Amino acid sequence: MAEKAPGGVQSVERVFELLELITDAGGEVTLSELSSSTELPLPTIHRLLRTLVTLGYIRQLPNRRYALGPRLIRLGEGANQQLGALARPQLKSLVDQLGETANMAVLDSDMVIYVAQVPSLHSMRMFTEVGRRAHTHATGVGKAILSQLDDETVRGIVHRSGMPVATSKSIGDIDTLLHDLKLIRERGYSIDEEEQEIGVRCFAMAVPSAPTPSAISVSGPVSRVDQSFAARAVPLLRAAAQVISGELNHR
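Residues numbered from 1 in each chain as written. Predicted model: local features only at pLDDT ≥ 70, side-chain atom pairs only at ≥ 80, totals over all residues. Heavy atoms only, no water.

Looking at the overall build of the chain
Rule in force here: Runs of E in the DSSP output that reach at least two residues are strands. Runs of H or I that reach at least four are helices, and both are numbered from the N terminus. A simple rule labels every residue: compare its accessible area, found with a 1.4 Å probe on the protein chains alone, to the largest value its type can have, and call it buried under 20%, exposed over 50%, or partly exposed in between. Note on contacts: a residue pair is in contact if any heavy atoms of the two residues lie within 4.5 Å. Throughout, the Shrake-Rupley method with a 1.4 Å probe supplies accessible areas, and for residues the shown protein chains are the sole cover considered. Under the convention used here, Asp and Glu are negative, Lys and Arg are positive, and both His and the chain ends fall outside the count. Positions of charges follow a simple convention, taking NZ of Lys, CZ of Arg, CG of Asp or CD of Glu.
Looking only at helices and strands, the chain features eight helices and nine strands. With the C-alpha coordinates aligned to their principal axes, the bounding extent of the chain is approximately 60 × 40 × 30 Å. In the chain, buried positions account for 46% of the 251 residues. Taking contacts inside the chain between residues at least 6 apart in sequence as the whole, the part at least 24 apart equals 55%. Carbon and sulfur atoms form 53% of the exposed surface of the chain, whose accessible area is close to 12900 Å². Where the 26 positive side-chain charges of the chain centre and where its 28 negative ones centre are 5 Å apart.

Shown next, in the form of structure tokens:
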């Protein structure tokens, strides 16, 4: 639940509280589930939901559950574009110093969505289209984001999204994933060891205290992105993540 803003408009706070509760529940809830998750009176919840349905920010499904509506997509896309623009100078700095492709992604409805990329100048390089969605368990950015969450939340995300195996090196079961996340928490960064694409390795780090779970990464061919590369990349990733965090929280 969002913190109450001093001097805030109560009805606006209540609307965003409901939207965040629906999002936290996986994007779909019943009226009774909402009622049990908030101290708002049931008539108030019902009135706000009716307004949001009319405006297109919430949908009422045939089974009478409430789900996030299509008008939120436009808002989210606009916010992602701004987030990508904010992060791009730090990603460019990573590319300038390391020579490999840099990305930023955020958690969105149990998947990661890439919001910014600065490509390497090498002819053989990693390329991910901005706006592409990917599973959290098989990407460096996804695992970096998951490492910031508790195990039960991770189980919920994986249960809802599934664990397709993209390559022979992908993680395919929850216990192995949770073990990997434990290692990521200990060392402070994640590694995609050809789990998304054979021949490509990625080092990634979560952006601390980001309003939306976020991570940045550098990726490239395993022939260039090796352990000596990691020794240079990890401190630079950490510094870039801190700057992006400061920008996000300042704004």
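Back to the text.
Some words on the pattern of salt bridges
To keep it simple, the criterion reads: For this document, the term salt bridge refers to a Lys or Arg side-chain nitrogen within 4 Å of an Asp or Glu carboxyl oxygen.
Taken as a whole and judged by the stated rule, the model has 13 salt bridges. Across the pair E195 and K143 runs a salt bridge, and its minimum N-O distance is 3.0 Å. With a gap of 52 residues between them, E195 in the loop between β7 (190-193) and β8 (200-206) and K143 in helix α5 (residues 140-146) connect regions that are remote in the sequence. Classification of K143 by relative accessible area gives buried; the value is 0%. Across the salt bridge formed by K182 and E186, the nearest N and O atoms sit 2.8 Å from each other.

Regarding the sheet that holds β7
Note the threshold: Strand pairing is assigned whenever DSSP identifies at least 2 bridges connecting the two strands. What counts as an axis is a line fitted to C-alpha atoms, over the stretch in contact for a helix, and the angles between N-to-C directions run from 0 to 180 degrees.
The strand order β6-β5-β4-β9-β8-β7 describes an open sheet built from six strands, whose pairing is antiparallel. One side of each edge strand has no neighbouring strand; the edge strands of this open sheet are β6 (133-135) and β7. When the angles between neighbouring strand axes are averaged without regard to direction, this sheet yields 30 degrees. Pairing between β7 and β8: four bridges, direction antiparallel. Considered in β8, the bridge of I191 is made with F203.

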